[in-house]
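Observations on the three-dimensional arrangement
One-letter residues, chain by chain:
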Amino acid sequence: MRIAIVHHWFVTRGGGERVAECIASLFPEAEIFTLLADTPGIPDGLQERRIHTSFLQRLPLAKKYHRHMMPLYPAATESLDLRGFDLVISSDSGPVKGVRTDAGAIHICYCHSPMRYLYDGYESYRAQMGPLTRTLFSATASRVRAWDEKAAQQVTHFIANSEYVSKRIERFYGRESTVIHPPIDLHRARLAKVPGAHYLCAGRLVGYKRTELMIEACIRLGRTLRIVGTGPEEVRLKKLAGAPGAAVTFLGELTTDALWEEYAKCKALLFAADEDFGMIPLEAQACGRPVIAYGAGGSLETVRGMGDSPTGIYFQEQTVESVIDGILRFEAANSAASFDSALIQRWAAEFATPVFLRRMREFVLAKIAKSSQVIACPNRAPV
């Protein structure tokens, strides 16, 4: 069989890119397609693979402003030529579920999320835009949304990265899906002999991460906070953190090894986002560190709250007061030795890369078998 693997874009490295890399490791002869790619955003396992891109790759500044190219997504996706491929696997939180395939081809879409800015997040994203961007977005969003809804009906099988996303796929696309959680690199995990006394937050500094809540909560409580990551919110957040007496340190973008070292050394990870899944809390837990998380979305699947064998604490609202309450309840529980690093690490192991590879392989083979086709797929992949 001819196999194609499609990912929305390789511009920055994150959880979606890791998923695409792992899927590609199962199919070393597959061809890789994406809307656009930039070398720093291409995972190590794909650096030597040929990657086909769309016409967006040739547009000036497209790599930097790819998220502003939404009106062009449908045309760019349809420009990718996947004729002649028997199996297409898309890794998608954008438009590439809409790639054109031959009649009879199997298209499996691993959906990280329906595009929030087109559906349930439309108003909040729109409110954060400047006047010109808002005008263009408002004029084109309904057309792209209609195209995306139609594209979802052409997918043969959906995989969701969480139960939360599975419900959103059913709500917005009217499609059923199978949940396969993303892979966590447990081989990078390490346990610190004596964790530090500071809190940590990590990830892109963008609005929906609600980093400002964690900064202000730590300022009010007089707690030390270390922040890993960069992004468009960085200037505003640094101004907020500059309040007198604040003990907030911005570490910028770290190497992978340095990031995992930060996980291991923190007292706990603070996580205030309403994420579709959220790999960062699991990476911290892989290092045995508990998580203080907003009790919504994917965190309900990746963090076990107080009860039997807890791995963290939930706070109930995206407010400074609620984050403060979560920190104080965590500190009381931590003083009572409620958190076991080894137990937390064992919980994270349930999301390890080999688990993901096995489940993906079984899913793909089962769907192909139903179509009475045969495919060679290695039992193990060097990822």
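Once a new chain begins, its residue numbering starts again from 1 and follows that chain's sequence as written. Residue-level local features of this predicted model are given only where pLDDT is at least 70; pairs of side-chain atoms are given and counted only at 80 or more, and the full residue set underlies all totals for whole chains, interfaces and linings. To get the side-chain values, take all heavy atoms of the structure and skip hydrogens and water.

Overview of the pairing of strand E6 (residues 157–160)
Alternating positions in E6 separate into two faces, His157 and Ile159 on one and Phe158 and Ala160 on the other, with burial throughout. A pair of strands is considered paired only if DSSP assigns at least 2 bridges between the two. Each helix is a run of H or I in the DSSP string that is no shorter than four residues. Each strand is a run of E no shorter than two, and both are numbered from the N terminus. Sheet analysis places strand E5 (residues 106–111) next to E6, joined by four bridges and oriented parallel. The residue of E6 that forms the bridge with Cys109 is Phe158. Each parallel crossover has a hand, and the one from E6 via helix H5 (residues 163–173) to strand E7 (residues 178–179) is right-handed. Categorising residues by exposure relies on relative accessible area from a 1.4 Å probe, with only protein chains included: less than 20% of the type maximum marks a residue as buried, more than 50% marks it as exposed, and the intermediate range marks it as partly exposed. Clockwise travel from the first strand over the helix to the second, with the strands pointing away from the viewer, marks a crossover as right-handed.

Focus: the side chain of Arg18
Among the structural elements, Arg18 can be located in helix H1 (residues 15–26). Its relative accessible area of 13% is what places Arg18 among the buried residues.

Points about the nonpolar core
A general trend in soluble globular proteins is that nonpolar side chains are found buried together. By nonpolar core we mean a set of buried residues, namely Ala, Val, Leu, Ile, Met, Phe, Trp, Tyr and Cys, connected to one another through side-chain atoms within 4.5 Å. With 39 residues, the main nonpolar core has Val6, Leu35, Met70, Leu82, Leu118 and Phe158 as its most contacted residues. For this core, the secondary-structure elements that each account for two or more residues are strand E1 (3–7), helix H2 (73–78), E5, helix H4 (131–152), E6 and H5. Once you skip the residues sitting within four places of it in the chain, Phe158 turns out to touch Lys97, Cys109, Cys111, Ala152, Ile169, Tyr173, Arg175, Glu176, Ser177, Thr178 and Phe363. One finds Leu225, Leu237, Ala272 and Phe315 within the second-largest nonpolar core, a separate group that totals 31 residues. Here, two residues are considered to be in contact whenever any of their heavy atoms come within 4.5 Å of each other.

Describing the packing of helix H9 (residues 279–286) against helix H12 (residues 341–349)
Between the N-to-C directions of two axes lies an angle of 0 to 180 degrees, each axis being a line fitted to C-alpha atoms and, for a helix, fitted only over the stretch in contact. Interaxial distance between H9 and H12 falls to 7 Å at its minimum, and their mutual angle equals 135 degrees. It follows that H9 is oblique to H12 by the angle criterion. You can see that H9 and H12 cross each other, and the crossing is left-handed. Contacts between H9 and H12 pair Leu282, Gln285 and Ala286 from the former with Ile344, Gln345, Trp347 and Ala348 from the latter. Considered class by class, the residues forming the contact of H9 with H12 number five nonpolar, two polar and no charged. Should an angle lie under 35 degrees it is considered roughly parallel, over 145 roughly antiparallel, and from 65 to 115 roughly perpendicular; all remaining angles are considered oblique. Each helix crossing is assigned a hand: it is left-handed if the near helix lies turned anticlockwise from the far helix by less than a right angle, otherwise right-handed if that turn is clockwise. Polar here means any residue outside two lists: the nonpolar Ala, Val, Leu, Ile, Met, Phe, Trp, Tyr, Cys and Pro, and the charged Asp, Glu, Lys and Arg; Gly therefore counts as polar.

Section: the sheet that holds E5
Read from one edge of the open sheet, seven strands run E3-E2-E1-E4-E5-E6-E7, paired in parallel fashion. Strands at the two margins of the open sheet, each flanked by one partner only, are strand E3 (51–53) and E7. Taken together, the three bridges between strand E2 (residues 31–34) and E3 define a ladder with parallel strand orientation. Each residue of the ladder has a partner; that of Ile32, found in E3, is Ile51. Relative to E5, helix H13 (residues 353–370) is tilted by about 150 degrees, and along the sheet it contacts strand E4 (87–92), E5, E6 and E7.

Regarding the pattern of salt bridges
Here a salt bridge means any side-chain nitrogen of Lys or Arg lying within 4 Å of a carboxyl oxygen belonging to Asp or Glu. According to the stated counting rule, one finds 28 salt bridges in the structure shown. The shortest N-O distance in the salt bridge between Glu331 and Lys267 comes to 3.9 Å. In this pair, Glu331 sits in helix H11 (residues 320–335) while Lys267 sits in the loop between helix H8 (256–265) and strand E11 (268–271), placing the two residues 64 residues apart along the sequence. Arg358 is the partner of Glu362 in a salt bridge, and the nearest nitrogen-oxygen pair spans 3.7 Å. A residue pair is termed a helical-turn pair when its members lie 3 or 4 positions apart in one helix, as Glu362 and Arg358 do in helix H13 at four residues. Its relative accessible area of 43% is what places Glu362 among the partly exposed residues. Accessibility expressed as a relative area gives 44% for Arg358, which makes it partly exposed.

Structural notes on the pairing of strand E12 (residues 291–294)
Burial of the side chains of E12 extends over both faces: Val291 and Ala293 are buried on one face and Ile292 and Tyr294 on the other. One ladder, built from three bridges, connects E11 with E12; its direction is parallel. Considered in E12, the bridge of Leu269 is made with Val291. The parallel pair E11 and E12, bridged by H9, forms a crossover whose chirality is right-handed. In this sheet, strand E13 (residues 312–315) lies alongside E12 in parallel orientation, the contact comprising four bridges. The partner of Tyr294 across the bridge, within E13, is Phe315.

Things to note about the sheet that holds strand E10 (residues 248–252)
Strand order in the open sheet formed by six strands is E10-E9-E8-E11-E12-E13, with parallel pairing between adjacent strands. One side of each edge strand has no neighbouring strand; the edge strands of this open sheet are E10 and E13. The average angle at which neighbouring strand axes cross in this sheet is 25 degrees, direction not considered. In the sheet, strand E8 (residues 199–202) pairs with E11 via two bridges, with the strands oriented parallel. In the sheet register, Leu200 faces E11, and the bridge partner there is Leu269. The strands touched by H9 within the sheet are E8, E11 and E12, with E11 carrying the most contacts at an inclination of about 175 degrees. Of the strands in this sheet, E8, E11, E12 and E13 touch H11, which is tilted by about 155 degrees from E13.

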